Amino acid sequence: MEFNDPKLKEYIDQLVDEKLSEKTKEFSAQFDTIQNTLATLKAAPQTTEKVTMLVTSFELDKIMPAFIIANGAASFGMDVTLFFTLWGINALKDKSVYSGKTIKEKLITMMLPSTPQTTTISRLNMLGVGTEMMKMMMKENNIETLPDLIDLSVEMGAKLIACQMTMGMMGITTEEIRKDVEFGGVATYIEEASDATITLTF
Amino acid sequence: MEFNDPKLKEYIDQLVDEKLSEKTKEFSAQFDTIQNTLATLKAAPQTTEKVTMLVTSFELDKIMPAFIIANGAASFGMDVTLFFTLWGINALKDKSVYSGKTIKEKLITMMLPSTPQTTTISRLNMLGVGTEMMKMMMKENNIETLPDLIDLSVEMGAKLIACQMTMGMMGITTEEIRKDVEFGGVATYIEEASDATITLTF
Amino acid sequence: MEFNDPKLKEYIDQLVDEKLSEKTKEFSAQFDTIQNTLATLKAAPQTTEKVTMLVTSFELDKIMPAFIIANGAASFGMDVTLFFTLWGINALKDKSVYSGKTIKEKLITMMLPSTPQTTTISRLNMLGVGTEMMKMMMKENNIETLPDLIDLSVEMGAKLIACQMTMGMMGITTEEIRKDVEFGGVATYIEEASDATITLTF
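Given the structure is predicted, the values throughout are model-derived calculations rather than measurements.

J.: An account of the sheet that holds strand β4 (residues 182-184) of chain B is requested, with residue identities and associated values reported.
T.: All names here are of chain B. Strand order across the open sheet formed by five strands is β4-β3-β2-β1-β5, with parallel pairing between neighbours. Each having just a single partner strand, β4 and β5 (198-201) make up the two edges of the open sheet. On average, each strand axis in the sheet is inclined to that of its neighbour by 25 degrees, with strand direction left out of account. As defined by bridge partners, strand β1 (residues 50-55) adjoins strand β2 (residues 79-84) across six bridges and the pair is classed as parallel.

Here it is as structure tokens:
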């Protein structure tokens, strides 16, 4: 027999091919699974960024930065949620209603700003002079008024949520609140904040 | 020699099998390593969610939302840490102690609420009338009192930390602080906040 | 021919090896690709941790915790950015300038602290007595003064940003602001906060 017999070579070739192709199928399946998992893992962090704010104050100089950041973030395509609780809920008021309220609820209604238009600043208010001055300076610098900032945020897709517990406690009715506002409790806030990239308090 | 010699065929068969199983073992080991790494990577984001709060205020309307969120988050199985610094430390007081303090420390002790029961609200306090009204409205709406909210948070596993620097500065002794409170500095706060999903300030 | 001819054995061996290595090259290439992807995925979360703070207050008891946390975080190797807006911008003032300002701007300049040295506390200020007492107690406890805390933060690499909109609105000139401060708008803040591990408001 010739040592370099082509028949021998061919035979071995074929044998290896056969034996391997069985194994190859197995490997290919495993490779596919791994590549799928990798694709999922790489895709994961590409979720939309989100800002969630907790607003407990009602003053112009607290609400204004909240909405300026909300509108900025929304314009960058971020999800934006603002949860209003305690004094903060006054930023969502459309009007004040007195009928059907207890005396305590009427007193609280009277003492709090009936709409964002009438809110004051937290420092240097000086019986309203400071607030008026600040509003004038905002106007001179082409900064939107607070009501405009709030309207704009809704137009840009920000979600405004009013705290139901606060409403119950202060006797605020849904009639007094803007129509584009959702209602929720602490569970709603925590859920919204859990997947937020940025969490802020005002 | 006959090429189709069954002995030669058998020999070749065996040889291919051996070499192949060697290679296959190698590949299997590699697959195992990869699958382990993938499992680790997929498991990574499934850590417990965590809320860390920095409390610098002592007023009822700042402390109350902090503990309502703390208790809500804890009930969802989240880790909760509250770090109390500056005025905030008054929320952790059990009583006020005067003996052994300097005059300045006594003055500060006198001017700050001796326990969370006696704290006031930050707006519309009106010499205490507003605070009493708010407490009444909380009661009428079945909202726990502040001391109850604090006790509940501890029962639910929230970690309360008192800022040692503030205690040193204001002359507050460990004797004045609740027994279930830990003590720590700015490093403790930063460590707690680093792995938090939600970071808040009150 | 002798069947156990070592030359034949060697030849067959070589043939099988060749054939196998050809087939397995493909697999090896796939393994390499997968391992590279895994390495990238594992490396991803090892970015530097970052704290971004939004400072809207000017009082000593708001600015001080902000800078104590800033300096603590920086000392742990974290990235630190502080964005100062509204009243907060006063923490960045070097001096007050009156010439060239409108009457309203002069009034605001007059009413706000001209430097961090002269800022007050937000509670128990008592016409300045409380602030002085707090400064004395800080000194007795070897806590740096506010101006020292600010200088230290810059030395440690914290980035201080002044809100341009606030400066325009309040008529604050760059001349009045520390030299080591950058200027930016809401977009700058959102960008800085987007990749932060900890976001705080003061």
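Once the structure has been displayed, the description carries forward.
J.: Lay out the packing of helix α2 (residues 60-75) of chain A against helix α4 (residues 129-140) of chain A in plain terms, naming residues and giving numbers.
T.: Residue and element names in this part refer to chain A. Relative orientation of the contacting elements α2 and α4 amounts to 25 degrees, with a least axis distance of 12 Å. With respect to each other, α2 and α4 are oriented roughly parallel. Side by side, α2 and α4 meet where Leu 60, Asp 61 and Met 64 of the first sit next to Thr 131, Met 134, Lys 135 and Met 138 of the second. Among the residues forming the contact of α2 with α4, the class breakdown is four nonpolar, one polar and two charged.

J.: Would you mind going over the pairing of strand β5 (residues 198-201) of chain C in detail, with residue names and values included?
T.: All names here are of chain C. Of the two faces of β5, both are covered, the one formed by Ile 198 and Leu 200 as well as the one formed by Thr 199 and Thr 201. As judged from the four bridges shared by strand β1 (residues 50-55) and β5, these two strands associate in the parallel manner. Paired with Thr 52 across the bridge in β5 is Thr 199.

J.: Which residues make up the layout of surface pockets, and what values go with them?
T.: There is about 680 Å³ of room inside the second largest pocket. If you go around the second largest pocket, you meet 30 residues; those closest to its centre are Lys62(A), Lys62(B), Arg123(B), Lys62(C) and Arg123(C). For the lining of the second largest pocket, the per-class residue count stands at seven nonpolar, 14 polar and nine charged.

J.: Pulling in residues and values, what's your account of the packing of aromatic side chains?
T.: One pass over the full model with this rule turns up twelve aromatic pairs over all chains. Taken together, a centroid distance of 5.9 Å and an interplanar angle of 20 degrees make the contact between Phe67(B) and Phe84(B) stacked. Of this pair, Phe67(B) sits in helix α2 (residues 60-75) while Phe84(B) sits in strand β2, and the two are 17 residues apart along the sequence. Pair check on accessibility: Phe67(B) and Phe84(B) agree, each one buried. In textbook terms, an aromatic cluster arises when at least three aromatic residues are bridged by ring pairs, as seen for Phe27(A), Phe31(A), Phe27(B), Phe31(B) and Phe31(C).

J.: Run through the side chain of Asn71(C), naming residues and quoting values.
T.: Residues and elements named next belong to chain C. You can see Asn 71 is positioned in helix α2 (residues 60-75). For Asn 71, a relative accessible area of 8% corresponds to the buried category. At 3.4 Å, the side chain of Asn 71 forms a polar contact with the backbone nitrogen of Ser 153.

J.: Now, about the pattern of salt bridges: what can you tell me, with residues and values included?
T.: Residues and elements named next belong to chain A. Counted by the stated rule, this structure contains 26 salt bridges over all chains. A salt bridge links Glu 192 to Lys 159, with the shortest nitrogen-to-oxygen separation between them at 2.7 Å. Separated by 33 residues along the polypeptide, Glu 192 in helix α7 (residues 186-194) and Lys 159 in strand β3 (residues 159-163) bring together distant segments of the chain. What makes Glu 192 buried here is its relative accessible area of 9%. Of the residues examined, Lys 159 reaches a relative accessible area of 30% and is grouped as partly exposed. Through salt bridges that share partners, Lys 50, Lys 159, Glu 192 and Asp 195 make up one connected network.

J.: Outline the interface of chain A and chain C, supporting the account with residue identities and numerical values.
T.: Taken residue by residue, the interface counts 48 residues in chain A and 43 residues in chain C. Both faces considered, chain A and chain C share a buried interface measuring about 4,200 Å² in area, 77% of it formed by carbon and sulfur atoms. Linking chain A with chain C are one salt bridge, by the criterion used here. In this structure, Lys104(C) engages Glu140(A) in a salt bridge whose closest nitrogen and oxygen atoms are separated by 2.4 Å. Linking chain A with chain C are four residue pairs in polar contact (both at pLDDT 80 or more).

J.: Outline the nonpolar core, supporting the account with residue identities and numerical values.
T.: In terms of nonpolar packing, the biggest core is built from 159 residues, with Met53(A), Leu82(A), Met53(B), Leu82(B), Met53(C) and Leu82(C) touching the most fellow members. Among all residues touching Met53(C), those that are not within four sequence positions of it are Ala66(C), Ile69(C), Ala70(C), Thr81(C), Leu82(C), Phe83(C), Tyr189(C), Leu200(C) and Phe202(C). One finds Tyr11(A), Leu20(A), Val16(B) and Leu8(C) within the second-largest nonpolar core, a separate group that totals 18 residues.

J.: Describe the relation of the copies chain A and chain C, listing the residues and the values that go with them.
T.: Once chain A is rotated about the relating axis by 119 degrees and shifted along it by 0.6 Å, it coincides with chain C to within an RMSD of 1.2 Å. Accordingly, the operation relating the two chain copies is best matched by a three-fold axis.

J.: Tell me about the sheet that holds strand β2 (residues 79-84) of chain C, and please be specific about residues and values.
T.: By way of backbone hydrogen bonds, the strands of a sheet pair with one another, either parallel or antiparallel. All names here are of chain C. With parallel pairing, the five strands of this open sheet are ordered in space as β4-β3-β2-β1-β5. Strands at the two margins of the open sheet, each flanked by one partner only, are β4 (182-184) and β5. Here the strands of the sheet are splayed against their neighbours by 25 degrees on average, with no regard to which way each runs. Here α2 sits on the sheet and contacts β1, β2, β3 (159-163) and β5; the angle it forms with β2, its principal contact strand, is near 160 degrees.

J.: Give a description of the interface of chain B and chain A that names residues and reports values.
T.: Between chain B and chain A, the residue contacts involve 47 residues of the former and 44 residues of the latter. For the pair chain B and chain A, the two sides together bury roughly 4,200 Å², of which 77% comes from carbon and sulfur. For the pair chain B and chain A, the number of links is one salt bridge. Inspection of the region where chain B meets chain A yields four residue pairs in polar contact (both at pLDDT 80 or more). Residue assignment for the side of chain B that touches chain A shows that the elements contributing at least two residues are α1 (6-43), α2, α4 (129-140) and β5 of chain B. A total of 15 residues in the side of chain B that touches chain A trace back to one element, the largest contributor, which is α1(B). Its residues placed into classes, the side of chain B that touches chain A shows 30 nonpolar, eight polar and nine charged.

J.: An account of the domain arrangement of chain A is requested, with residue identities and associated values reported.
T.: The assigned domain composition of chain A is domain 1 (6-45) and domain 2 (47-201). The centre of domain 1 of chain A, based on its C-alpha atoms, is set 60 Å off from the matching centre of domain 2 of chain A.

J.: Describe the environment of Met64(C), and please don't skip the residues or the numbers.
T.: Structurally, Met64(C) is set in helix α2. Separated by 80 residues in sequence, Met64(C) and Glu144(C) have C-alpha atoms that sit 9.5 Å apart. Sequence-distant contacts of Met64(C), that is, excluding residues within four places in its chain, are made with Leu86(B), Met134(C), Met138(C), Leu146(C) and Leu149(C).

Conventions adopted
Residues numbered from 1 in each chain as written. Chains lettered and ligands numbered in written order. Predicted model: local features only at pLDDT ≥ 70, side-chain atom pairs only at ≥ 80, totals over all residues. Heavy atoms only, no water. Pairing = 2+ DSSP bridges. Helix = DSSP H or I, 4+ residues; strand = E, 2+ residues; numbered from the N terminus. Axes fitted to C-alpha atoms, helices over the stretch in contact; angles between N-to-C directions. Parallel < 35°, antiparallel > 145°, perpendicular 65-115°, else oblique. Contact = heavy atoms within 4.5 Å. Nonpolar A, V, L, I, M, F, W, Y, C, P; charged D, E, K, R; others polar. Buried < 20%, exposed > 50% of the residue type's maximum accessible area, 1.4 Å probe, protein only. 1 Å grid on protein atoms, 1.4 Å probe; cavity = no way out; pocket = protein on both sides within 12 Å on 5 of 7 lines; lining within 4 Å. Points joined across faces, edges and corners; volume = space filled by probe spheres on them. Phe/Tyr/Trp six-rings, centres within 6.5 Å; stacked < 30°, edge-to-face > 60°. Polar contact = N/O pair within 3.5 Å; in protein donor to acceptor, adjacent residues only side chain to side chain. Salt bridge = Lys/Arg side-chain N within 4 Å of Asp/Glu carboxyl O. Buried area = accessible area lost by both parts, 1.4 Å probe. Core = buried A, V, L, I, M, F, W, Y, C linked by side-chain atoms within 4.5 Å. Least-squares fit on C-alpha atoms with pLDDT ≥ 70 in both. Domains from an automatic or database assignment.

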